[in-house]
Amino acid sequence: MCKPPLQEKLESSSSQVGLAEILTQALECLDCLDDGYTVDRNELTSLQTRLVTGQFRLAVLGQFKRGKSTLLNALLGDKLLPTDILPVTAIPTFIGTAENINALVSFEVDAEPVNFTPSSDQTMGDFLNDYVTEKGNPKNQRQVTRVEIGHPSEMLRQGVILIDTPGIGSTHKHNTEVAYQILPQCDAALFLVSPDPPITEIELDYLKEIRQRLPQTFFILNKIDFLDEQEQIASLKFLADQLTPLCDGVPQVLAVSARKGLDARLSGDADGWKDSGMQQVEQNLIDFFAREKQSILQESLQRRTCDQLNNINMQLQLSLSALMLPEAELKKRIEKFRQSIPDVEREKQASEDVLSGDLKRVVERLNEEVEKVRVQAKEKIIGQLESFVQTIVDIEELERLVRGTLVEDIPVFFAPAMRKVADIIRVEATELLTLHQQRSNQLIEQVRQIAADLFDIPYHAPSAGRSYTKFELSGWSNDLFISDMDPLGQRFSRKFFTQKYRRKKTVKRLRDEGIKLLNQNVEQINWALRRGLDESFRQFGVELSEQLEKTITATREAMEVALSQSESQAQETVRKEIKLKRAITAIQKILKQFEE
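Please read all numbers here as calculations on a predicted model, not as lab measurements.

1. Digging into the confidence of the model for the chain
So, point 1. Confidence in the prediction of the chain, expressed as mean pLDDT, is 78, and 81% of residues score 70 or more.
So, point 2. Taking the mean pLDDT of every element in the chain, the minimum, 39, falls on helix H1 (residues 8–16) and the maximum, 94, on helix H10 (residues 270–275).
So, point 3. Taken as a whole, residues 5–16 scores under 50 in pLDDT and shows 21 contacts with residues more than four places along the chain or in a different chain.
So, point 4. Confidence over residues 461–488 falls short of pLDDT 50; this stretch has 80 contacts with residues more than four positions distant or in other chains.

2. Some details on helix H4 (residues 68–76)
So, point 1. Counted residue by residue, H4 has nine buried out of nine residues, so it is predominantly covered.
So, point 2. All of the buried residues along H4 are Lys 68, Ser 69, Thr 70, Leu 71, Leu 72, Asn 73, Ala 74, Leu 75 and Leu 76.
So, point 3. Positive backbone phi, at 70°, marks Gly 77, one or two positions downstream of H4.

3. Details of helix H8 (residues 229–247)
An α-helical turn contains 3.6 residues, so a residue and the one three or four places further along point in the same direction.
So, point 1. Between the first and last C-alpha of H8 there are 26 Å, a value that for 19 residues agrees with the 27 Å anticipated at 1.5 Å per step.
So, point 2. Of all the bends in H8, the greatest, near 25°, is centred on Asp 241, and the proline Pro 245 appears no more than four residues after it.
So, point 3. By the burial criterion, the buried members of H8 are Ser 235, Leu 239, Ala 240, Leu 243, Leu 246 and Cys 247.
So, point 4. Packing partners of the buried residues in H8 comprise strand E7 (188–193), helix H7 (201–213), strand E8 (217–221) and strand E9 (253–255).
So, point 5. Near the N-terminus of H8, the side chain that reaches the backbone nitrogen of Gln 230, with its oxygen 3.2 Å away, is that of Asp 228.
So, point 6. Where H8 terminates, the next one or two residues include Gly 249, which has phi positive at roughly 145°.

4. Description of the pairing of strand E6 (residues 160–164)
For a regular strand, the rule is simple: side chains alternate between the two faces of the sheet.
So, point 1. The buried fraction of E6 is high, at five of five residues.
So, point 2. Bridge analysis of strand E1 (residues 56–62) against E6 gives five bridges, and the strand direction is parallel. Residue Ala 59 lies in a different strand from E6, and its bridge partner there is Ile 163.
So, point 3. Note that strand E2 (residues 93–97) and E6 share three bridges and pair antiparallel. From the neighbouring strand, Phe 94 faces E6, where its bridge partner is Ile 163.

5. A few points about the environment of Asp 423
So, point 1. Mapped onto the elements, Asp 423 comes out in helix H14 (residues 395–454).
So, point 2. When the C-alpha atoms of Asp 423 and Thr 200 are compared, they prove to be 9.7 Å apart, with 223 residues separating the residues in sequence.

6. Quick look at the sheet that holds E8
So, point 1. Taken in spatial order, the nine strands line up as E4-E3-E5-E2-E6-E1-E7-E8-E9 in an open sheet, and their pairing is mixed. Each having just a single partner strand, strand E4 (114–116) and E9 make up the two edges of the open sheet. Looking at each pair of strands side by side, their axes are set apart by 20° on average, direction ignored.
So, point 2. Alignment of strand E3 (residues 102–107) against strand E5 (residues 144–151), held across six bridges, turns out to be antiparallel. Residue Phe 107 lies in a different strand from E5, and its bridge partner there is Val 144.

7. A look at the side chain of Gln 63
So, point 1. Structurally, Gln 63 can be placed in the loop between E1 and H4.
So, point 2. For Gln 63, a relative accessible area of 8% translates into the label buried.
So, point 3. At 2.8 Å, the side chain of Gln 63 and the side chain of Thr 200 are in polar contact.
So, point 4. Apart from residues lying up to four places away in sequence, Gln 63 is in contact with Lys 68, Gly 167, Ile 168, Leu 192, Thr 200, Ile 202 and Glu 203.

8. Some details on the packing of aromatic side chains
So, point 1. Tallied over the entire structure, the rule returns ten aromatic pairs.
So, point 2. Residues Phe 56 and Phe 288 carry aromatic rings whose centres are separated by 5.8 Å and whose planes lie at 65° to one another, so their mutual orientation is edge-to-face. Here Phe 288 lies in helix H11 (residues 278–291) and Phe 56 lies in strand E1, a separation of 232 residues in the sequence. Like Phe 56, the residue Phe 288 is buried in the burial classification.
So, point 3. Look at Phe 116 and Phe 127: their rings are 4.2 Å apart centre to centre, the planes differ by 0°, and that puts the pair in the stacked class.

9. Some words on the pattern of salt bridges
So, point 1. Inspection of the entire model under this criterion finds 28 salt bridges.
So, point 2. Put simply, Glu 154 and Arg 157 hold a salt bridge, and the shortest N to O gap is 3.7 Å.
So, point 3. Accessibility expressed as a relative area gives 57% for Glu 154, which makes it exposed.
So, point 4. Residue Lys 348 is joined to Glu 352 by a salt bridge in which the shortest nitrogen-to-oxygen separation is 3.4 Å. One end of the pair is Lys 348 and the other is Glu 352, both in helix H13 (residues 327–391) and four residues apart, which spans about a single turn.
So, point 5. One connected set of salt bridges, linked through shared partners, spans Arg 365, Glu 369, Lys 372 and Glu 428.

10. Here's the deal with the pairing of E7
So, point 1. The element E7 is largely enclosed, with a buried count of six among its six residues.
So, point 2. Of the two faces of E7, the one carrying Ala 188, Leu 190 and Leu 192 and the one carrying Ala 189, Phe 191 and Val 193 are both buried.
So, point 3. Bridge analysis of E7 against E8 gives five bridges, and the strand direction is parallel. Across the sheet, residue Leu 190 finds its bridge partner in E8, namely Phe 218.
So, point 4. Viewed along the sheet, the connection from E7 through H7 into E8 turns out right-handed.

11. Examining the packing of H13 against H14
Relative orientation and spacing of two packed helices are given, respectively, by the angle between their axes and the distance between those axes.
So, point 1. Remark: H13 packs on H14, axes separated minimally by 9 Å, with the N-to-C direction vectors making an angle of 165°. The orientation of H13 relative to H14 falls into the category roughly antiparallel. H13 and H14 meet at a crossing whose hand is right-handed.
So, point 2. Residue composition of the contact of H13 with H14, grouped by class: 30 nonpolar, seven polar and twelve charged.

12. Some remarks on the environment of Leu 207
So, point 1. Secondary-structure assignment places Leu 207 in helix H7.
So, point 2. Expressed as a C-alpha distance, the spacing of Leu 207 and Thr 217, which sit ten residues apart in the sequence, is 9.3 Å.
So, point 3. Leu 207 has contacts with Phe 191, Thr 217, Phe 219, Leu 243 and Leu 246, leaving out every residue within four places of it along the chain.

13. Side note on unusual backbone geometry
So, point 1. For Lys 65, which is not a glycine, the phi torsion comes out positive at approximately 65°.
So, point 2. Note on placement: Lys 65 falls in the loop between E1 and H4.
So, point 3. Since its relative accessible area comes to 29%, Lys 65 is described here as partly exposed.
So, point 4. A positive phi angle, close to 65°, is found at Lys 223, a residue other than glycine.
So, point 5. Residue position: Lys 223 is located in the loop between E8 and H8.

What counts, and at which threshold
Residues numbered from 1 in each chain as written. Predicted model: local features only at pLDDT ≥ 70, side-chain atom pairs only at ≥ 80, totals over all residues. Heavy atoms only, no water. pLDDT = per-residue confidence, 0-100. Helix = DSSP H or I, 4+ residues; strand = E, 2+ residues; numbered from the N terminus. Contact = heavy atoms within 4.5 Å. Buried < 20%, exposed > 50% of the residue type's maximum accessible area, 1.4 Å probe, protein only. Expected span 1.5 Å × (residues − 1). Bend = angle between axes of the 7 residues up to and from the residue. Polar contact = N/O pair within 3.5 Å; in protein donor to acceptor, adjacent residues only side chain to side chain. Pairing = 2+ DSSP bridges. Axes fitted to C-alpha atoms, helices over the stretch in contact; angles between N-to-C directions. Phe/Tyr/Trp six-rings, centres within 6.5 Å; stacked < 30°, edge-to-face > 60°. Salt bridge = Lys/Arg side-chain N within 4 Å of Asp/Glu carboxyl O. Right-handed = clockwise from strand over helix to strand, strands pointing away. Parallel < 35°, antiparallel > 145°, perpendicular 65-115°, else oblique. Left-handed = near helix turned anticlockwise from the far one by under 90°. Nonpolar A, V, L, I, M, F, W, Y, C, P; charged D, E, K, R; others polar.

See below:
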């Protein structure tokens, strides 16, 4: 379990002013404003409802294929959520209490929600496959916004909502985006990892974001049934070493097999449930809900309320500043903003040039590592071939042994070699892209800061951005070794060629085809990782351009709107000024209550 230090202002505010009162005051303030604050009003109303009902949202978070859905199924004691060997969950799924199992699917478009109750004709898993999985709903083509499931689990009766989330780091980039977007809706997290592969840089970056946003995190090491005792100890130690710097101390990590736990729960095997580690997870959660759920929920809602009020305050001050400027001065500041954009564009071009150069450097490193693999493959596999040549006299036996050895050794050698090279390149590429992400953030924030300075309003920078890369691993070809002289041909050649000549030709052919096969597999490494690098750097460049262009466009449009209001609504300026000033005073007074 990992709990960040509580913010002092939030600790003290809970004893001074109730959050319910703060939310009521904020909503009353927004009721005096126009429809431009509808989204803010809805968000505060949602927070108010959650505070009244005590609804606590616990999300299962982590990288794809760590077993998040299986863990939730085990906790619920039901094969409710779909699972597969490929990344499955694409849409967040909220599971709350109900007398009977049911589901409700809501959509972005003006489509009626879909209600579902399991029957003998269709299970809940079959139904969910069509809406929440990447296979049934690729890239969310159905435009699903939310899936809610009702379930009669005893744990859910305590006012808990369990959330199944898409995994980060898969080849489906939008899943990672959704995994980050879900964080503001959560109050605490079960952070799930597994030993193969160990916790990655992508997961550690995600965990940093979780730590910033959520007051409570539990850690679970899943799939321990694939480890022996020594491997389990080593895996837990490695995980603790990675988590300790982020948690201000060594966190508790529970080791489980969610798969075995689910099987035990379904079969009523109490000993199996305990041995799987899931009993300890369940008990820890029950104890947490009994002792700390309400205080953690309070802190989580306070954080979100404070963030929302700060956003409202900035929006109000921008509106007031624009309203108070004379038309000529407003046009002048808009022109200053326009004049600043070429400098930003030049910096953007310089950043793109550096990005291109860094890609070349990573590719050079890739080529170096691939050549190392080529040399090692020749020493190990071709060396074995040569030992057969030196010791095996019979040509047919020689060909059979060489063929069998290559078929067996190629995947055994190249699979770990691929992972090793991929890890090296991934670390180097991620470090470079992280630096570029920081430069990109600075460019984007520069545009926003210019606008804030022009309108003389306080500026609150958002949390740091993130970068991640994806690498697709290719399969291995172990069937490329095709002989052009099969045993029948060997028997036929015995009638026309000498033993010495036939052996010489066979050895040459085996050597040539062995080298060819190794080179083909080496090039698979080069091709697969080069494709991943090219795509990652290309996508990064595209996103930088899109993000910067969106920021510039949105800021320019906001200024144009301010100008149009200045020109067309001059007579209403005094009335609006009074209303905005009153709202700003009220919101700032509410915000001060968090500091008292």
